[in-house]
Amino acid sequence: MNQRFYEVPSFEIVMDKLTDEIIVFTRQLVATLSQNHINSENGVAKLVFEKLKSFGFEPKIVGPKEHPSVICHIKKENSSRTIWLESCLDTVPAGDAAKWECPPFEAKIVGKKMYGRGTADSKVAIAMFCYLAKELYEDEKFNASFFLGFDADEHTGNFTGIREVIKYAPKVDICVLGYQGINEISVGARGWLRIKITTLGKSAHTGSRTSKGINAIHSMGKVINAITSLNLIQKTEPFFEFGSSLNISQITGGVAINIVPDKCEANLDIRLLPSQTKDDILNVIKSKLGELNIQYQLEKLQHEQAYLTNPKNSFVQTLQKTASEVLGKEIPLVASGQGSVGNVISKLGIPIINAFGVESDNIHAPNEWINIDTISVIYEIYKKSFKKFQ
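A brief look at the structure comes next. This structure is a prediction, so every number in the text was calculated from the model and none was measured.

Let us look at helix α6 (residues 278–289). For α6, with twelve residues, the first-to-last C-alpha span of 17 Å sits near the 16 Å given by 1.5 Å per residue. Within the span of α6, buried status applies to Ile281, Leu282, Ile285 and Leu289. Taken down its axis, α6 places every buried residue within 95° of arc, on the same side. Elements in contact with the buried residues of α6: β9 (191–200), α5 (216–228), β11 (263–272) and β12 (295–304).

Okay, here's the thing in structure tokens:
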């Protein structure tokens, strides 16, 4: 591969042993399978629980037995602030192992790369967050408390784990998520609205001379033309210059080639900007479909609102300044196109760092990797930022 690596800046960080421990723990986490729809998060939850317990903390496992999450409130006496560190326990499936250059669960290190499913999304964050909390808790000059949350069931899009973690969350001043990426700091994310539209028709023999039926797939064609003609995907806002989006991502219908289909289903994925609400979008769609001479049903499947943390928030500014100084270049603030657990957490009104971390690539694809040489850099940036923020 002709991948260019991020060059680690030449400043002194005395943490070789600590970095090695983070790498070892990350490899253990990757080797403990937690693929959504395939594995339970039990094994990885127990691994994180035992690590935190070995540090002298009092973690708890919460949520359903098959999809447990881990929480740990680390209180510092006379603390002035509380920092929430959140990362997911589960991963997407590895897929076809033959498409991987290295076995997806060995966390093999080749040069600067550690390959493995979940390395970047987001098991390296779990390891870094655990060790960050330990080091700063043991620092007598550090006065902030930590709340650690490691949520299950993230990659299904159901987010049951984060909803469970939220039940135990104290009042916090900032929440940092474990999504990675070294060249920018994400402080927001598009929301999403997923709906199912079903067109209804009447079956008949396709060769009948007298009964033509009502073709539900033809009706769906009208629906698709109507919806894609709407001005739903051309809206932009500051930090969301890439705009909203609409995709008809799944269609099913018909039972046989010689039967007029009486039912057709289409699933739509609509990505929302902060100014776009679920009700506004649904009203526009329903109004447009009402102009068509068809019978249909509309079902809301999932929805989370978009969010954007105030770019002038004190921790956002501190992290951006520290990252830019350490990395030797300006690190921009951006919003992410894909959603995250941050969309759920944002309902609490908490400022959120959506994504910033080690150099990585191939997330949700074969050959997912992280650059292990950037672990110490990102660790130091967060440590310095937390110390300034306390």
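So, on to the pattern of salt bridges. Evaluation of the coordinates by the stated rule reveals 15 salt bridges. The salt bridge involving Lys347 is made with Glu304; its shortest N-O contact spans 3.0 Å. Here Glu304 lies in strand β12 and Lys347 lies in the loop between α8 (341–345) and β15 (352–355), a separation of 43 residues in the sequence. Residue class for Lys347 comes out exposed when judged on its relative accessible area of 56%. Taking the shortest distance from any N to any O, the salt bridge between Lys383 and Glu380 comes out at 3.6 Å. Of this pair, Lys383 and Glu380 both sit in helix α9 (residues 375–389), three residues apart, which is roughly one turn of the helix. Like Lys383, the residue Glu380 is buried in the burial classification.

Further remarks concern the sheet that holds β12. Think of a sheet as strands paired side by side through backbone hydrogen bonds, with each pair either parallel or antiparallel. Read across the open sheet, the four strands follow the order β10-β11-β9-β12; overall the sheet is antiparallel. The open sheet is flanked by β10 (245–253) and β12, the only strands paired with a single partner. Strand-to-strand, the axes of this sheet are offset by a mean angle of 15°, without reference to chain direction. Where α6 meets the sheet, its contacts fall on β9, β11 and β12, and the angle it forms with β12 comes to roughly 165°.

Calculation rules
- All residue numbers here refer to positions counted from 1 along the written sequence of the relevant chain.
- Two thresholds apply to this predicted model, a pLDDT of at least 70 for residue-level local features and 80 or more for giving and counting side-chain atom pairs, whereas whole-chain, interface and lining totals are computed over all residues.
- Computation of side-chain values: all heavy atoms of the structure, hydrogens and water removed.
- Counting from the N terminus, the helices are DSSP H or I runs at least four residues long and the strands are E runs at least two residues long.
- What a helix is expected to span follows from its residue count: subtract one and scale by 1.5 Å.
- Remark: exposure states derive from per-residue accessible area (1.4 Å probe, protein chains only) relative to the maximum for the residue type, with buried under 20%, exposed over 50%, and partly exposed in between.
- When we speak of the arc, we mean the arc of directions from the helix axis to the C-beta atoms.
- The criterion used for residue contact is that any of the two residues' heavy atoms lie within 4.5 Å.
- Salt-bridge detection follows one rule: a side-chain nitrogen of Lys or Arg within 4 Å of a carboxyl oxygen of Asp or Glu.
- At least two DSSP bridges between two strands are needed for those strands to be called paired.
- Under this scheme, a helix contributes an axis fitted over its contacting stretch, all axes are lines through C-alpha atoms, and angles between N-to-C directions fall in the 0 to 180 degree range.

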